[in-house]
Amino acid sequence: MKNQVCSKCAEGTYSLGSGIKFDEWDELPAGFSNVATFMDTAVGSSEGKADSCNNSSWTPRGNYIESNRDDCTVSLIYAVHLKKSGSVFFEYQYIDNNIFFEFFIQNDQCKEMESTANKWVKLTDNGEWGSHSVTLQSGSNILYWRTTGILMGSKVVKPVLVKNITIEGVAYTSECFACKPGTFSDKPGASGCQVCPRDTYSEKGAKECTKCKEDMYYAEEGSSACIERPPCTSKDFFQIHTPCDKEGKTQIMYKWIEPKICREDLPDALTLPPSGERQDCPPCNPGFYNNASSSCTPCPPGTFSDGTQECKACPAGTEPVLGFEYKWWNILPGNMKTSCFNVGNSKCDGMNGWEVAGDHIQSGAGGSDNDYLILSLNIPGFKPPTSVTGATGSELGRITFIFETICSADCVLYFMADVNRKNTNVVESWERSKERQSYTHIISKNASFTFTWAFQRINEGQDSRQFINDMAKIYSITVTNAVDGVASSCRACALGSEQSGSSCVPCPPGHYIEKESSQCKECPANTFLSIHQVYGREACIPCGPGSESTKDHSACFSDCLVSYVKDNQSLNYNFSNLSQVGSLMSGPSFTSRGTKFFHFFNISLCGNEGKKMAICTDNITDVTLKDMVAESEDFSNFVGAFVCQSTIIPSDSKGFRTALALQSNSLADRFLGATIETTLEGISIKADMFPPSPSKISDVHFFYKSSTVTTSCENGRATVVTMRCNPNKPDQGELSVPSSCPAGTCDGCTFYFLWESAEACPLCTEQDYHEIEGACKKGFQETLYVWNEPKHCIKGVPLPEKKTSTCETVDFWLKVGAGVGAFTAVLLIALTCYFWKKNQKLEYKYSKLVMTTNSKECELPAADSCAIMEGEDNEEEIVYSNKQSLLGKLKSLATKEKEDNFESVQLKSSRSQNI
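Attention here is on the structure that accompanies the text. Small disclaimer: the values here were computed from a predicted structure and weren't measured.

Overview of the pattern of salt bridges
Phase 1 of the analysis: Counted under the stated rule, the structure contains 13 salt bridges.
Phase 2 of the analysis: For Glu-102, the salt bridge identified is with Arg-146, shortest N-O distance 2.9 Å. Of the two residues, Glu-102 is situated in strand β8 (residues 99-106) and Arg-146 in strand β10 (residues 139-149); the sequence distance between them amounts to 44 residues. There is no split in this pair, since Glu-102 and Arg-146 are both buried.

And the structure:
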C-alpha cells in the first residue's frame, strides 16, 4: 500500500481487484439492510397492516439469501460508491409468478437510474440459476432487490433466492479477503476460493482442506467442520426392483442412501436387509411385449399388444390407437428420466429422484428433505389417428395419471408442462397427503411437451433427515394420440377406394365412418364430430338450441340469432351488436392481509363462427407485451376463450406503475346452446340468482363449458350468460355478477353473468304497435302508428308510415241537420200559434150561438142574427171552465173529432143581469 503497487494475494485469500463479492450468507453482510412495508395505498391499509410486515425480511441461508414468503414488500438494500463506471452481477432463482421481483438502482437523490428502466427480473425454470447484470455509473449507487408477494389463495409463494453478488468499479482494495470456511485457495493471486470436497473441511483462510476420519465422521461439500456419523436407521436405505431376467423374475434389492453417512457398528443401529428375493415380473405395459426376452420392447408400427401377448397386426379396416399407458413399473420407460436437485447444495446431484416399485413408481430418498425429486416424460408431439384427422376440435390429446401422496409434513407434488422446451410452468400442485386420485390435462395444440412431476418434502433445509418416509406414488400414466406412441388396441378406420386396397385413409373434416361400408360420410347439418369417436352415425353430436355447426362440423357456434315461441307468438332476437367482447371488472376484493384485487372477465358472446375472441393474459411486469405477443403460440398464460378471467391488482395497491394481471384462465371454450330454459346439459341457473326482470320478456341464457379440469372442478368449469331486455340501457348495456357471488361464482366451478341491454330485446313485430285514427278534415283522414308502451323490442318490423285516406266531412251534415231542425221548429211554432188563435175565435162564436139557442128555449126574444152585429160591443166577459191544454187542443184540431163534450161558458150580459 505504501508503494501504491498491486501485489498478489497470498494463499488462503483472494481479491477481485476493483470489485467486491458477497458469497457468504450465514448472516447478513455488513452494508446490507432490510426494509419491509405493506405497499397497499387503498383505503383501510393503515398502520396495523404496516406493522404486520415487521417480521418480513430477506433471510440468509448459507450459500444464498432468501426473500420473504408473505405479501409484504421487502427490499434488500446495499449502497456503494464507485470510483469509475462498473457493473453489478448476481445469480438468482425466481420460479413463482405469484411473487414480483424487481432489481433497480437509485442515486443519492433517490432517483432511479436509466440503466434499470427494465427493472423486472425474468422467471427461471425449476432448479436453474439465472444471472442478471446491470451497468453502474460512477458515484453513489443504491442497489435494491425488492420482492412483493401476492397471496391470492392459501398457497405460500416460493421465495426468490440470490447468491454471488459481485460489484465492479469500487476503489482498488488495499487488502485481500480470507477464504470463507469450507473453501480454500492454494495459489497466490486468486480471484476466488474453491469449495472443499465431500468428507473434508476447512476453516477461514485455509490453504487446503482437511480430511475427516471417515469411519467416524463425515462432511458435506463445502463444510467448515466434520460431523459425527449417527447409527443407521430404516431411513438410511431403500429398496428397488431389478430388471426382469429370462425366467420372468425380478429381485428386490436394498441399497444405502448415497452418500452413506450412518454407522452400522453402533448400538441399536440397523444393518442392510438381505437382497435377492425373487418375485414374478409384472407384465409389459400395453403396447409392449417381451418376445421371450428379459426386457419389454415396443410393438412395431401397425401392430398392437395388451402387454401379455405378442404383438399382432391390426385387422383390415382398422388402425392402431397410438399412445402410452404405463401401469407396470419394473424399469423406467425409455422416454422418461429422473433426477434430483437442491437449490442450496449439490448433495443429491446424480441421484435418482424416483424409483420403480412394481405396480407404481415412487419418490426416492434424495440427499435432504428439501430436495426436488424430478420425474419427466417427453412426448415429441400429438397427432390424432388417421380417420380422426377431420375432428379438428380443441383437444388433440390428453395425459391422465393416478397418484397419491403420503406425508407427515408440508410436502408438495407439482405437475408441470414445458412446451417446445421454452419455459416450464406449473399446471397443478397438491399439498400434504392426498388420497389416491386421478388427474387429466388436455392438450390443445401439436407441440413437443415435457411433463414433469416434482416432489418436495419440506421447503426449508434441515441438518437431519426427519421426513424421508414421506413420499409420492404414481400408479399409472396414460397419454393419448402421442407421436411415436405404441398401440394396445385397434380402432375402425375409413377405407379408401377399391384401388387403394384395405389401407386406412383420413376422412375429410366433418366426416364419420359409416359402419356398413367403412366409408367416410359427412355429418348431418347442425351436428359436430366427436373428437373421441368417428365410427358410426352416433359420432355426430347434435348442436344445442340456438346454435349451428361450422362448415367442417368441428364445433357448434351461435350466429347471435335466437328464436322461440311463447303464447303462440314467435320472438326473435339478434345479439349481433353484442357480439364484440364485453368486459366486466368486479370487486374490489381483499386478501387476508388486505391486498386489494379485482376479478376481470372478458366475454365473447357469439365468437366468430366458432372462433373464441375473448383473450386474457398474465402481465407480471409493467413492460410491454411485445415478447409475449411474438410468442403467443407458446405463451402458456395467453388464454383465448368465449369467457376468460384474470385477477387484476391495481397500480395503487402495490405501488407499481401499471396494474398487474395474473392467474388468467379459461371459463368457457365450448358453446353449448342458447335458450330460455334454465337448464342445459346438466348446467342450471337458479331463478333467484339475479333480481327478477321488470318486463315480461323472458331472459335468454347462453350456456358454455370449459374442458379445463382442476382439483376442485373435476368436470371442468361452466358458464351461463343471461341476456336480459332492458330498454333503459342502450348499446353495450351493462354486465354484472350475482350479488351473492361477487366473484361471479359461488362454488368456483360455475360462473354466472347478467348482461342487460336494449340490444337484448326481441325484434319488433306487428303486435308491438297500434294505430290511432285522426279526425276527418276537409274530406281527408290521417292514421298514425305508435309503439306500445313500454316498448320492449328493437329493430325488426319498422313502424308504418302515417296513412291518409278520403272521408265524408261530418261538419257539413251537422250543419244541414241543424238548419232543417231549426226551420221545422219555427214552422211548428207558427202553425201552433195560428191554429190556437183561430180556435179561440171559433170557440167564441160557438158559445154565442149556444147562448142564443138557450134564450129561445126560455121564450126570450130571438136575436136577429147569431152573429155579433157590427157596432155591437162585445162586453160580455167570457169565463172558461174545464179548460184543455194546448197539446190537447192541437190534438183535437188534428183529428177533427166532433165530440159532444164542450166547454161550458158562462156569459155575463146586461140581459141576464136584468132578468
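Next comes the rest of the description.
Some thoughts on the environment of Gly-222
Phase 1 of the analysis: Looking at the secondary structure, you find Gly-222 in the loop between β17 (217-218) and β18 (227-228).
Phase 2 of the analysis: Taking relative accessible area as the criterion, Gly-222 reaches 31% and is therefore assigned partly exposed.
Phase 3 of the analysis: Distance in space between the C-alpha atoms of Gly-222 and Phe-184 is 9.6 Å, their sequence separation being 38 residues.
Phase 4 of the analysis: Excluding residues that lie within four positions of it along the chain, Gly-222 makes contacts with Pro-181, Gly-182, Val-195 and Cys-196.

Focus: the state of the cysteines
Phase 1 of the analysis: Evaluation of the coordinates by the stated rule reveals 17 disulfides.
Phase 2 of the analysis: Between Cys-523 and Cys-540 runs a disulfide, and the two sulfur atoms are separated by 1.9 Å. One quick way to see it: the torsion about the S-S bond of Cys-523 and Cys-540 is about -75 degrees, and its sign makes the bridge left-handed. Highlighted residues: Cys-523 in the loop between β39 (520-522) and β40 (527-529) and Cys-540 in strand β41 (residues 540-542), separated in sequence by 17 residues.
Phase 3 of the analysis: Assessed through its relative accessible area of 4%, Cys-523 is described here as buried.

Regarding the nonpolar core
Phase 1 of the analysis: In this structure, Trp-354, Leu-377, Phe-451, Trp-453, Ile-477 and Val-479 are the most contacted members of the largest nonpolar core, which totals 41 residues.
Phase 2 of the analysis: Excluding residues within four positions of it along the chain, Ile-477 makes contact with Phe-324, Glu-325, Tyr-326, Trp-329, Met-336, Leu-377, Ile-399, Thr-400, Phe-401 and Trp-453.
Phase 3 of the analysis: Ranked by size, the runner-up nonpolar core spans 33 residues in total, among them Ala-668, Tyr-704, Val-721 and Trp-755.

Focus: the packing of aromatic side chains
Two measures describe an aromatic ring pair: the distance that separates the ring centres and the angle between the ring planes.
Phase 1 of the analysis: Under the defined criterion, the tally for this structure stands at 44 aromatic pairs.
Phase 2 of the analysis: Ring centres of Phe-324 and Tyr-326 lie 5.7 Å apart, and the angle between their planes is 25 degrees; on these two criteria the pair is classed as stacked.
Phase 3 of the analysis: With a relative accessible area of 9%, Phe-324 lands in the buried category.
Phase 4 of the analysis: The exposure class of Tyr-326 is buried, given its relative accessible area of 3%.
Phase 5 of the analysis: On the numbers, 5.6 Å between centres and 45 degrees between planes, the contact of Phe-401 with Phe-403 is tilted.
Phase 6 of the analysis: On the accessibility criterion, Phe-401 (0% relative accessible area) is buried.
Phase 7 of the analysis: These aromatic residues form a ring-pair network of at least three members: Phe-22, Trp-25, Phe-32, Trp-58, Tyr-78, Phe-90, Tyr-92, Tyr-94, Phe-101, Phe-103 and Trp-145.
Phase 8 of the analysis: When the ring centre of Trp-129 is taken as origin, the NZ or CZ atom of Lys-163, which lies over that ring, is 4.1 Å away.
Phase 9 of the analysis: Just above the ring of Tyr-475 sits the side chain of Arg-436; from NZ or CZ to the centre is 3.8 Å.

A look at the sheet that holds strand β57 (residues 734-736)
Phase 1 of the analysis: Spatial strand order, β52-β55-β56-β58-β57: five strands in an open sheet with mixed pairing. Lying at the two open borders of the sheet, with one neighbouring strand each, are β52 (670-675) and β57. Within the sheet, the average angular offset between the axes of one strand and its neighbour, ignoring direction, is 20 degrees.
Phase 2 of the analysis: Here strand β55 (residues 700-705) runs beside strand β56 (residues 718-725); their pairing, made up of six bridges, is antiparallel. Bridging across to β56, Tyr-704 finds its partner in Thr-719.

Scoring rules and cut-offs
- Residues numbered from 1 in each chain as written.
- Predicted model: local features only at pLDDT ≥ 70, side-chain atom pairs only at ≥ 80, totals over all residues.
- Heavy atoms only, no water.
- Salt bridge = Lys/Arg side-chain N within 4 Å of Asp/Glu carboxyl O.
- Helix = DSSP H or I, 4+ residues; strand = E, 2+ residues; numbered from the N terminus.
- Buried < 20%, exposed > 50% of the residue type's maximum accessible area, 1.4 Å probe, protein only.
- Contact = heavy atoms within 4.5 Å.
- Disulfide = S-S within 2.5 Å.
- Core = buried A, V, L, I, M, F, W, Y, C linked by side-chain atoms within 4.5 Å.
- Phe/Tyr/Trp six-rings, centres within 6.5 Å; stacked < 30°, edge-to-face > 60°.
- Lys NZ or Arg CZ within 6 Å of the ring centre and 35° of its normal.
- Pairing = 2+ DSSP bridges.
- Axes fitted to C-alpha atoms, helices over the stretch in contact; angles between N-to-C directions.

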